[in-house]
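So the chains spell out like this:
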Amino acid sequence: MTHLWVRAEQRDNETRVGLTPQGAAKLIAAGIKVTVEDSPTRCIPIDGYAAVGADIAPQNSWPDAPRDAIIFGLKELPEDGTPLPHRHIMFGHAFKGQPAGQRLLARFTRGNGTLFDLEYLVDADNRRVAAFGYWAGYAGAAVALKCWIAQQQGEIAGPIAPYPAANDLRAELEAALTVNGPHRPTALIIGALGRVGTGAADLCTAMDVPTTRWDMNETAHGGPFPEILTHDIFFNCILARPGTPVFVPATAPHDPRRLSVIGDIACDPDSDFSPIKVYDQTTTWDAPALRVHGAPVLDVTAIDNLPSMLPRESSEDYAEQLLPSLLVLPDLGDGVWARAKATFEQAIA
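Residues numbered from 1 in each chain as written. Predicted model: local features only at pLDDT ≥ 70, side-chain atom pairs only at ≥ 80, totals over all residues. Heavy atoms only, no water.

(A) Representation of the overall build of the protein chain in the model. If you tally the helices and strands in the protein chain, you get 9 helices and 12 strands. Dimensions of the protein chain, computed from C-alpha atoms along their principal axes, come out at roughly 60 × 40 × 35 Å. Counting only residues that meet the buried cut, the protein chain has 53% of its 349 residues in that class. Of the contacts made within the protein chain by residues no fewer than 6 positions apart, 71% connect residues no fewer than 24 positions apart. Accessible surface, the protein chain: about 14800 Å² in total, of which carbon and sulfur atoms supply 53%. (Helix = DSSP H or I, 4+ residues; strand = E, 2+ residues; numbered from the N terminus. Buried < 20%, exposed > 50% of the residue type's maximum accessible area, 1.4 Å probe, protein only. Contact = heavy atoms within 4.5 Å. Areas by Shrake-Rupley, 256 points an atom, 1.4 Å probe, with all protein chains shown as cover.)

Spelled out as structure tokens, the structure:
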């Protein structure tokens with residue numbers, strides 16, 4: 001029997017989950033055994049999983065799970081160097097040369113385990129089957145607006161926290177923007193037709209932020225892109241790959257510009273392919289803005305678990321997208337799972 005083990009997330013400020021109780025019920029009805037670890041922080045209480053027949057395990061007990069169990073989480077495992085003998089489903093951030101990713105792959109090699117990376121679960125047309133992109137874009141745009149609002153007051157953005165719902169986030173932003181009067185910043189989005197860009201654009205529309213929306217046609221010439229510097233805020237919403245042009249060069253802080261906030265929602269600063277060359281580290285919930293230049297100011301915000309700002313909405317959306325793939329877990333040698341395994345094997349070859 002296929003056994004899916006949903007682990008508790010061990011990263012700070014991570015309360016999302018990739019399977020709802022309703023989804024667990026459908027997996028169980030399909031003959032898949034489901035175990036869910038208890039978690040005091042998960043946005044969906046454990047009682048819902050128990051009620052539909054899932055087994056409940058202690059928090060962080062997955063290392064002792066049966067070897068045939070498939071361990072399912074979202075974000076990183078603790079970097080303790082231990083070998084990984086299980087099959088894992090998660091966002092590994094390991095296939096583009098990232099230093100932490102190389103260490104993770106070494107752990108799988110030592111343990112003879114397998115990583116089915118959620119970023120690389122694709123259909124036959126190479127399109128991702130599930131993504132948090134919309135809510136990453138929505139929350140990332142909100143954080144960038146918070147950075148801009150703080151700048152208008154001569155400050156740098158302070159800590160952020162999760163919200164019960166998107167309505168609460170919008171209400172707080174509207175109140176903060178109103179303090180500054182009718183003026184709104186201008187924004188440019190690259191990747192506006194994708195999930196991430198759509199989320200960013202929707203938040204900007206809700207906040208009456210005039211937005212220029214670019215996608216592949218506008219960036220096909222490969223740059224440079226001086227228009228970025230003429231907007232107050234720039235949102236990078238594309239997944240960087242080999243051949244991605246540079247959108248913000250290292251010289252940008254010293255060039256004439258209106259740009260004061262970069263929202264790198266794609267957030268891959270330690271990749272060689274990053275199109276944002278003015279910073280090299282992610283930002284955090286406690287310090288969401290990294291000031292890369294002082295006069296005039298230029299702040300970068302690049303948080304890699306943005307959908308956790310709206311954990312319930314983003315979890316339910318993602319879990320619904322992913323469920324059809326989880327239902328075919330008994331056929332790991334075919335389809336979406338076979339493609340993900342081939343990507344992993346190529347990475348460790």
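(B) Local environment of the sheet that holds strand 5 (residues 87–90). Overall, parallel pairing links the 6 strands, which are arranged 3-2-1-4-5-6 in an open sheet. The strands lining the two open edges of the sheet, one partner per strand, are strand 3 (55–57) and strand 6 (114–117). Averaged over neighbouring strand pairs, the angle between their axes works out to 25° when direction is ignored. The pairing of strand 4 (residues 70–72) with strand 5 spans 3 bridges and is parallel. The residue of strand 5 that forms the bridge with Ile-71 is His-88. Of the strands in this sheet, strand 5 and strand 6 are in contact with helix 9 (residues 335–348), which crosses strand 6 at around 120°. (Pairing = 2+ DSSP bridges. Axes fitted to C-alpha atoms, helices over the stretch in contact; angles between N-to-C directions.)

(C) Quick peek at the packing of aromatic side chains. As enumerated under the stated definition, the model contains 12 aromatic pairs in all. The interplanar angle of 85° and the centroid separation of 5.1 Å between the aromatic rings of Tyr-134 and Trp-135 together place this pair among those described as edge-to-face. Since its relative accessible area comes to 24%, Tyr-134 is described here as partly exposed. Here a set of aromatic residues connected by ring pairs shows up, and it is made of Trp-214, Phe-225, Phe-234 and Phe-247. (Phe/Tyr/Trp six-rings, centres within 6.5 Å; stacked < 30°, edge-to-face > 60°.)

(D) Here's a closer look at the pattern of salt bridges. Evaluation of the coordinates by the stated rule reveals 14 salt bridges. In this structure, Glu-79 and Arg-103 form a salt bridge, with 2.9 Å as the shortest nitrogen-oxygen distance. With a gap of 24 residues between them, Glu-79 in the loop between strand 4 and strand 5 and Arg-103 in helix 3 (residues 99–111) connect regions that are remote in the sequence. Assessed through its relative accessible area of 57%, Glu-79 is described here as exposed. Judged by its relative accessible area of 44%, Arg-103 is partly exposed. Put simply, Arg-127 and Asp-125 hold a salt bridge, and the shortest N to O gap is 3.3 Å. With a relative accessible area of 56%, Asp-125 lands in the exposed category. (Salt bridge = Lys/Arg side-chain N within 4 Å of Asp/Glu carboxyl O.)

(E) Summary view of the environment of Leu-310. For Leu-310, the position within the fold is in the loop between strand 12 (297–301) and helix 8 (311–326). Sequence separation of Leu-310 and Asp-47 is 263 residues, and the distance between their C-alpha atoms is 21 Å. Not counting residues up to four positions away in its chain, the partners in contact with Leu-310 are Trp-135, Tyr-138, Tyr-163, Ala-165, Ala-166 and Leu-169.

These results come straight from atomic positions and should not be treated as a statement about function.
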